[in-house]
Amino acid sequence: MKKMNTTEIEKALESISGWSLKDDMIVKSFTFKDFKEAFSKMTHIAFECEKQNHHPEWQNVYNNLTIKLSTHDADGVTQKDIDLATSIEKIIG
């Protein structure tokens, strides 16, 4: 998969609210009501990641979840990351 350039990434992020480009990754943080809700969403996201065979770097502390997406094989952001971020947005609602 081809690594996207900064212009391509910024254009793609226009349609995915709240995601930003940082250190060759697209990143977004989410806050939930409590740990149970955060973990529930993480579980749902995990199943989607398996389906797409693309896995995030993420960090969860209580009700906060930060997701970072990058395609390691391409050493940067690719369409796979944009597609997964779009799916995550649908899951989070």
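Residues numbered from 1 in each chain as written. Predicted model: local features only at pLDDT ≥ 70, side-chain atom pairs only at ≥ 80, totals over all residues. Heavy atoms only, no water.

Student: Sorry if this is basic, but what is going on with the packing of aromatic side chains here?
Tutor: Centre-to-centre distance and the angle between the planes together describe a pair of aromatic rings. Following the criterion strictly, the structure yields three aromatic pairs and no others. Ring centres of F30 and F32 lie 6.3 Å apart, and the angle between their planes is 25°; on these two criteria the pair is classed as stacked. Given the relative accessible area of 7%, F30 is considered buried. Take F32: its relative accessible area is 7%, and that puts it in the buried class. (Phe/Tyr/Trp six-rings, centres within 6.5 Å; stacked < 30°, edge-to-face > 60°. Buried < 20%, exposed > 50% of the residue type's maximum accessible area, 1.4 Å probe, protein only.)

Student: What should I look at first to understand the pattern of salt bridges in this one?
Tutor: Any two side chains of opposite charge can pair, given that their charged atoms come close. Using the criterion set out here, one finds four salt bridges in the structure. E89 is paired through a salt bridge with K28; the nearest N and O atoms lie 2.9 Å apart. Separated by 61 residues along the polypeptide, E89 in helix α3 (residues 79–92) and K28 in strand β2 (residues 25–31) bring together distant segments of the chain. Accessibility expressed as a relative area gives 14% for K28, which makes it buried. (Salt bridge = Lys/Arg side-chain N within 4 Å of Asp/Glu carboxyl O. Helix = DSSP H or I, 4+ residues; strand = E, 2+ residues; numbered from the N terminus.)

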